[in-house]
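Survey of secondary and tertiary structure
Spelled out from the first residue to the last, the chains are:
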Amino acid sequence: MTSKTAKIVEDALHLPRGSRAFLAEKLIESLDYEEDFGVSAKWMKEIRRRCKELDDGVVDIIPADRAFDELGAKLR
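All of the points below concern the structure found in this document. Keep in mind that this is a model prediction, so the values were computed, not measured.

1. A closer look at the overall build of the chain
When you go through the chain residue by residue, the secondary structure sums to four helices and zero strands. Of the regular secondary structure in the chain, the N- to C-terminal order runs α-α-α-α. Relative to the compact-globule value of 11 Å for 76 residues, the chain shows a C-alpha radius of gyration of 18 Å, a clear excess of over 25%. Each principal axis of the C-alpha distribution contributes one length, and for the chain these read about 60 × 30 × 20 Å.

Below you can see the structure in the form of C-alpha cells.
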C-alpha cells in the first residue's frame with residue numbers, strides 16, 4: 001500500500017459512520033463499472049434512481065423469500 005493510500009484510509013476511518021458508509025458504497029460501485037458487459041445509459045439512469053430511493057429511505061428492501069412468498073400468494 002502506498003503512503004498516499006494509507007493516508008486516505010487513515011483519514012476515512014476518522015469520518016462519521018454515515019460518511020464512511022457512503023464512501024464505501026461509492027468505492028464498491030466504482031469497481032462495478034470495470035465489468036466487461038455494457039449497460040445502456042437508460043438502464044444506468046434507472047439504477048441510479050433506484051439507488052437514490054434506497055439511500056433516501058423512500059423505499060425499503062425486503063428479503064427475496066418474502067417477496068416470492070407475497071407474489072406467490074397473489075397468483076393463487
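After that view, the rundown keeps rolling.
2. A look at the pattern of salt bridges
Evaluation of the coordinates by the stated rule reveals seven salt bridges. In this structure, the salt-bridge partner of glutamate 46 is arginine 49, at a minimum N-O distance of 2.5 Å. Remark: arginine 49 and glutamate 46 occur in helix 3 (residues 41-56); sequence separation between them is three residues, near one turn of the helix. The closest approach of N and O atoms between glutamate 70 and arginine 66, which form a salt bridge, is 2.8 Å.

3. A word on a nonpolar patch on the surface
Taken together, the side chains of Leu54, Val58, Val59 and Ile61 define a hydrophobic patch exposed on the protein surface, amounting to about 370 Å² of accessible area. With respect to the element layout, isoleucine 61 can be found in the loop between helix 3 and helix 4 (64-75). Since its relative accessible area comes to 68%, isoleucine 61 is described here as exposed.

The rules behind these values
- Residues numbered from 1 in each chain as written.
- Predicted model: local features only at pLDDT ≥ 70, side-chain atom pairs only at ≥ 80, totals over all residues.
- Heavy atoms only, no water.
- Helix = DSSP H or I, 4+ residues; strand = E, 2+ residues; numbered from the N terminus.
- Rg over C-alpha atoms; globule rule 2.2 N^0.38 Å.
- Salt bridge = Lys/Arg side-chain N within 4 Å of Asp/Glu carboxyl O.
- Patch = residues over 30% accessible without salt bridge, like charges linked within 9 Å, V, L, I, M, F, W, Y side chains within 5 Å.
- Areas by Shrake-Rupley, 256 points an atom, 1.4 Å probe, with all protein chains shown as cover.
- Buried < 20%, exposed > 50% of the residue type's maximum accessible area, 1.4 Å probe, protein only.

Read these as layout, nothing more, since geometry by itself doesn't imply function.
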